[in-house]
2 protein chains.
Amino acid sequence: MATSIFEHPPASERVRDALRAAHLYYMQDLTMEAIAAELHTSRSSVSRLISYAREAGLVEIQVKTPAERISTALQRIQDKHHVTVHVVPVPDSANEIDRLERVGMSAARILNQYFDSNMTMGIAWGSTMSAVSRHLQPKVTHNSQIVQLNGAANTRTTGIVYASEIMSRFGAAYGAYVQQFPVPAFFDDPATKQVLWRERSIRRVLDIQKRMDVALFGLGTPLSEVPGHVYTSGYLDESDFQSLTASNVVGDVATVFYRADGSSSDVPMNLRSSGPPLEQLARVSRRVCVVSGKSRMPALRGALAAKLITDLIVDEATLHGLLDD
Amino acid sequence: MATSIFEHPPASERVRDALRAAHLYYMQDLTMEAIAAELHTSRSSVSRLISYAREAGLVEIQVKTPAERISTALQRIQDKHHVTVHVVPVPDSANEIDRLERVGMSAARILNQYFDSNMTMGIAWGSTMSAVSRHLQPKVTHNSQIVQLNGAANTRTTGIVYASEIMSRFGAAYGAYVQQFPVPAFFDDPATKQVLWRERSIRRVLDIQKRMDVALFGLGTPLSEVPGHVYTSGYLDESDFQSLTASNVVGDVATVFYRADGSSSDVPMNLRSSGPPLEQLARVSRRVCVVSGKSRMPALRGALAAKLITDLIVDEATLHGLLDD
DNA sequence: CCACGTTCTGCACATGTGTGCAAGTAGCTT
DNA sequence: AAGCTACTTGCACACATGTGCAGAACGTGG
């Protein structure tokens, strides 16, 4: 009876039962009542077991759009940019907050198809990533890690709480090791960055970033009336904005800026940014971008032009704007 | 308003709505009530749409056993025979009929992970395959085909109705082309088989069989008190049974017999069988075997010894018998 | 234009599932 | 052994979903 020394019996028995209940429920279409009888327990316990199975990621549910259901306009976009588009249905009446929330939830579910054991996922931070992180669907993985793509400290706060909260949600959902990146989002002086980038502790993180299998990011935009987190929370000052405008920047990924044509070289701000150069990002084999809201459309067009995206998760209305090109 | 000339509007609009409803339900966790409001329809219609989405294979649900939950005994079996085992939970109290039904249902669901567009699946026939066929989960595929592995005619009937019913259920579930194999299960004279096998119409089918990507089969057993379909329905006569006994046969796959050690050469009956030689079967990249009931255990041991199986779907009780080796 | 059969819709009810709560249980401490 | 906390269980109820049925909408053919 005294078995608590082992990790197995207490929690593991629960997993075993949950697995069995889930199998009977989803694979054999038994009702919870019937399952309760088989497991010699009450129906409510079965309900809880199945909830647990879902929450623990023992059950995977996906909605698949048959290829022939994809509109030709969308097909053209996909072919042109070598991108897989996941359309998130959101009523036109929804406000930006709801929209972001729902896209985030869908993105979180879709993500589970792409992330698995032995993988490294790089993630940016921002309002979009925050939304995604709040809806992550747990999934058991081993030997996987999450690495932060760009620093979050700014002149007002260290940004640690905000970014690390996002990071740790990812870590918790996948049981992955979390690698933070404790540097400012932007350096005041490019030289400081150069120097710091030679530090071994920093290079360790940069190396992990270079080897990541999946990159997950939202898009920032300086143009919108509802700008991203970066543009409102003390990361940029007036001269920075002027610099971005002068460079014709339309958006950013992990605080690295690009123009409408997708180019990002010669943007002075990028020399001071802690995010990965976009050429490097483009070498990651899967690059998942989450976009919500029409205000991000110019940024999205630029990101597509820069070939930054392999998988795009976007709300319906924004996508429709894109189709009109 | 008059658009019924096109194939699109009538049925396709339904698919579109079903897809949207399913997405909102499974990916965004909305209640059917909320979805009804978004789609401007009643809650009951949404319930029906989502049912339809499930039935049409637009939604895929799978229960995944985390690797660390697999018992070491099972792990040993898997490693030894290079096989992936899917355990189907069935209460010990269940009778053989229920057991078969439930294993069949689970097998049908699992199968969807393995069969997709541009694939050819070979299937045997028998009581197990019949059970599987009755529970197939539809899935949209293109350019796929189902090919019958062995003939079904016998001295009493042409077996066409029985086997072709199984076949066509598979075809319907996957939208696949169905290739029947209109020959007897066993020839009276091996020479007849040799001659027929040279016919171009027959060789076409044999060629398709050789190129199949997935083989799906149950196991026959001559030993059981509850024998498989082949052993009870006029396929074999008294002398055939004696021949099998003399050859120490423990089971068959698609009416090709093997011994406990997995060997199948020198079994005279096989010269007259219409099924694919086991050496040929073993070259198929995925070979899914469905087994239900302890009576099939000797047949299962033999099939494992013959390395016929890459994926085994088996009820819990039968598996436990196997683990005691 | 009407009569007919078919399909679709929403209502009302039946069934199935989720959850707050109180009682019970197990492990641990004193 | 009693007392404590943390967790689990089943009940009763609230909520969510499935479905038979009657009427509406649609398409078809007379």
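For clarity, every value in this text was computed on a predicted model and none was experimentally measured.

Trainee: Is there a simple way to think about the UniProt feature "domain: HTH marR-type" (unreviewed entry) in chain A in this case?
Mentor: The residues that UniProt annotates with the feature "domain: HTH marR-type" (unreviewed entry) are residues 23–62 of chain A. Note that residues 23–62 of chain A is 65% helix and 10% strand, and that its end C-alpha atoms are spaced 16 Å apart.

Trainee: What should I look at first to understand the side chain of B:His23 in this one?
Mentor: By the secondary structure assignment, B:His23 is in helix H1 (residues 9–27). If we skip the residues at most four places from it in the chain, B:His23 touches A:Val63, A:Val87, A:Val88, A:Pro89, A:Ser106 and B:Gln28.

Trainee: What is the right way to read the sheet that holds strand S4 (residues 145–148) of chain A from this model?
Mentor: Remark on secondary structure: sheet strands pair via backbone hydrogen bonds, oriented parallel or antiparallel. Residue and element names in this part refer to chain A. The strand order across the open sheet built from 7 strands is S2-S10-S9-S6-S3-S4-S5, with neighbouring strands paired in parallel fashion. Looking along the sheet, the strands with just one partner apiece sit at the ends: strand S2 (84–88) and strand S5 (177–179). Sheet twist, expressed as the average angle between the axes of neighbouring strands with direction ignored, equals 20 degrees. For strand S9 (residues 286–291) and strand S10 (residues 311–315), the ladder comprises 4 bridges, and the chain directions are parallel. Among the inter-strand pairings, Val290 is bridged to a residue of S10, identified as Ile313.

Trainee: Any chance you could explain the interface of chain A and chain B here in plain terms?
Mentor: By convention, interface size is frequently given as the accessible area that disappears when the constituent parts associate. The interface of chain A with chain B comprises 40 residues on the first partner and 40 residues on the second. For the chain A and chain B pair, buried surface summed over both sides reaches about 3,800 Å², with 54% attributable to carbon and sulfur atoms. Of all residues in chain A, the largest losses of buried area upon contact with chain B belong to A:Met27, A:Val63 and A:Arg69, amounting jointly to 18% of the total for that side. On the surface where chain A and chain B come into contact, there are 8 salt bridges. Joining chain A to chain B, the criterion identifies 22 residue pairs in polar contact (both at pLDDT 80 or more). Elements represented by at least two residues in the side of chain A that touches chain B include exactly helix H1 (8–27), strand S1 (59–63), S2 and helix H5 (96–111) of chain A. At 11 residues, the largest contribution of residues to the side of chain A that touches chain B is made by H1(A). Looking at the side of chain A that touches chain B residue by residue, the class counts come to 19 nonpolar, 9 polar and 12 charged. With 5 bridges joining them, S1(A) and strand S1 (residues 59–63) of chain B adopt antiparallel strand pairing.

Trainee: Got a minute to help me understand the environment of B:Glu96 in this structure?
Mentor: Residues and elements named next belong to chain B. Considering the arrangement of structural elements, one finds Glu96 in helix H5 (residues 96–111). Taking the C-alpha atoms as reference, Glu96 lies 34 Å from Lys210; in sequence the two are 114 residues apart. If we ignore the near neighbours within four places in the chain, the residues touching Glu96 are Ser292 and Gly293.

Trainee: Hey, could you run me through the relation of the copies chain A and chain B in this one?
Mentor: Put simply, the two copies of the chain differ by a rotation about an axis and a shift along that axis. Under the fitted operation, chain A is carried onto chain B by 0.0 Å of movement along the axis and a turn of 180 degrees, and the coordinates agree to an RMSD of 0.1 Å. Taken together, the rotation angle and the small translation identify this as a two-fold axis. Judged by C-alpha distance, A:Ile61 is the residue of chain A that lies nearest the rotation axis, at 2.2 Å. Taken together, the interface assignments show that 100% of the residues at the interface of chain A recur at the interface of chain B, consistent with an identical surface on both copies.

Trainee: I tried to follow the pairing of strand S6 (residues 214–217) of chain B on my own but got confused; where do I start?
Mentor: Looking along a regular strand, one sees side chains alternate from face to face of the sheet. Residues and elements named next belong to chain B. Residues of S6 alternate between two faces, with Val214 and Leu216 on one and Ala215 and Phe217 on the opposite face, all of them buried. Alignment of strand S3 (residues 120–123) against S6, held across 3 bridges, turns out to be parallel. Bridging from a neighbouring strand, Gly122 pairs with Ala215 of S6. By the bridge criterion, 4 bridges tie S6 to strand S9 (residues 286–291) in an arrangement that is parallel. Residue pairing across strands places Leu216 opposite Val288, the latter belonging to S9.

Trainee: Sorry, what's going on with the domain arrangement of chain A here?
Mentor: Per the domain assignment, the segments making up chain A are domain 1 (13–56) and domain 2 (68–324). Of note, the centres of domain 1 of chain A and domain 2 of chain A, computed from C-alpha atoms alone, are 38 Å apart.

Trainee: What am I meant to see in the pattern of salt bridges here?
Mentor: Once their charged atoms are close, side chains differing in charge can pair, the charge on each being opposite to the other. Scanning the entire structure with this criterion turns up 20 salt bridges over all chains. For B:Arg109, the salt bridge identified is with A:Asp29, shortest N-O distance 2.6 Å. In this pair, B:Arg109 is assigned in helix H5 and A:Asp29 in the loop between H1 and helix H2 (32–39), connecting two distinct chains. Taking relative accessible area as the criterion, B:Arg109 reaches 18% and is therefore assigned buried.

Trainee: What exactly am I supposed to notice about the protein's contact with DNA strand D here?
Mentor: In the vicinity of DNA strand D, 14 residues are found, and the nearest of them are A:Arg48, B:Met32, B:Arg43, B:Ser47 and B:Arg48. When atoms of DNA strand D within 4 Å of the protein are sorted by moiety, sugar and phosphate together comprise 39%. At 3.4 Å from a base nitrogen of DNA strand D is found a side-chain nitrogen or oxygen belonging to A:Ser44. Those elements giving two or more residues to the surface near DNA strand D turn out to be helix H3 (43–55) of chain A together with helix H3 (43–55) of chain B. Looking at which element gives the most residues to the surface near DNA strand D, the answer is H3(B), with 5 residues.

Trainee: Just to check I follow, could you spell out the protein's contact with DNA strand C for this structure?
Mentor: Around DNA strand C sit 15 residues, and of these A:Met32, A:Arg43, A:Ser47, A:Arg48 and B:Arg48 come closest. Backbone sugar and phosphate groups make up 42% of those atoms of DNA strand C lying within 4 Å of the protein. Residue A:Arg43 places a side-chain N or O atom 2.6 Å away from a base oxygen belonging to DNA strand C. For DNA strand C, a base oxygen lies 2.7 Å from a polar atom in the side chain of B:Arg48. Counting residues per element, the surface near DNA strand C draws most heavily on H3(A), at 5 residues.

Trainee: Would you mind going over the environment of B:Glu55 with me for this structure?
Mentor: Residues and elements named next belong to chain B. Relative to the assigned elements, Glu55 resides in helix H3. Owing to a relative accessible area of 52%, Glu55 belongs among the exposed residues under this scheme. The spatial distance from the C-alpha of Glu55 to the C-alpha of Gln137 is 7.0 Å, given a sequence separation of 82 residues.

Trainee: Would you explain unusual backbone geometry in this entry?
Mentor: With glycine set apart, most residues show a phi of negative sign, and most peptide bonds adopt trans. All names here are of chain A. The phi angle at His40 is positive, at roughly 55 degrees, despite the residue not being glycine. Positive phi values are uncommon outside glycine, yet Ala254 reaches one of about 50 degrees. Mapped onto the fold, Ala254 is located in the loop between strand S7 (249–253) and strand S8 (256–259).

Trainee: So what exactly am I meant to see when it comes to the packing of aromatic side chains here?
Mentor: Within the structure shown, the criterion is met by 10 aromatic pairs over all chains. An angle of 85 degrees between the planes, with centres 5.7 Å apart, marks the rings of A:Phe187 and A:Trp197 as edge-to-face. Here A:Trp197 lies in the loop between helix H8 (190–196) and helix H9 (200–210) and A:Phe187 lies in the loop between S5 and H8, a separation of 10 residues in the sequence. Comparing A:Phe187 with A:Trp197 shows no difference in burial state: the two are buried. Each ring, one from B:Tyr25 and one from B:Tyr26, has its centre 5.0 Å from the other, and the planes form 85 degrees; the classification is edge-to-face. Look at B:Tyr25 and you get partly exposed, because its relative accessible area is 28%. Ring pairs connect the aromatic residues A:Phe181, A:Phe187 and A:Trp197, which therefore count as one cluster. Looking at A:Arg14, its charged tip hangs above the ring of A:Tyr52, at a distance of 4.6 Å from the centre.

About the cut-offs
Residues numbered from 1 in each chain as written. Chains lettered and ligands numbered in written order. Predicted model: local features only at pLDDT ≥ 70, side-chain atom pairs only at ≥ 80, totals over all residues. Heavy atoms only, no water. UniProt positions renumbered as here; feature names shortened; annotations may be inferred. Helix = DSSP H or I, 4+ residues; strand = E, 2+ residues; numbered from the N terminus. Contact = heavy atoms within 4.5 Å. Pairing = 2+ DSSP bridges. Axes fitted to C-alpha atoms, helices over the stretch in contact; angles between N-to-C directions. Buried area = accessible area lost by both parts, 1.4 Å probe. Salt bridge = Lys/Arg side-chain N within 4 Å of Asp/Glu carboxyl O. Polar contact = N/O pair within 3.5 Å; in protein donor to acceptor, adjacent residues only side chain to side chain. Nonpolar A, V, L, I, M, F, W, Y, C, P; charged D, E, K, R; others polar. Least-squares fit on C-alpha atoms with pLDDT ≥ 70 in both. Buried < 20%, exposed > 50% of the residue type's maximum accessible area, 1.4 Å probe, protein only. Domains from an automatic or database assignment. Near = heavy atom within 4 Å. Phe/Tyr/Trp six-rings, centres within 6.5 Å; stacked < 30°, edge-to-face > 60°. Lys NZ or Arg CZ within 6 Å of the ring centre and 35° of its normal.

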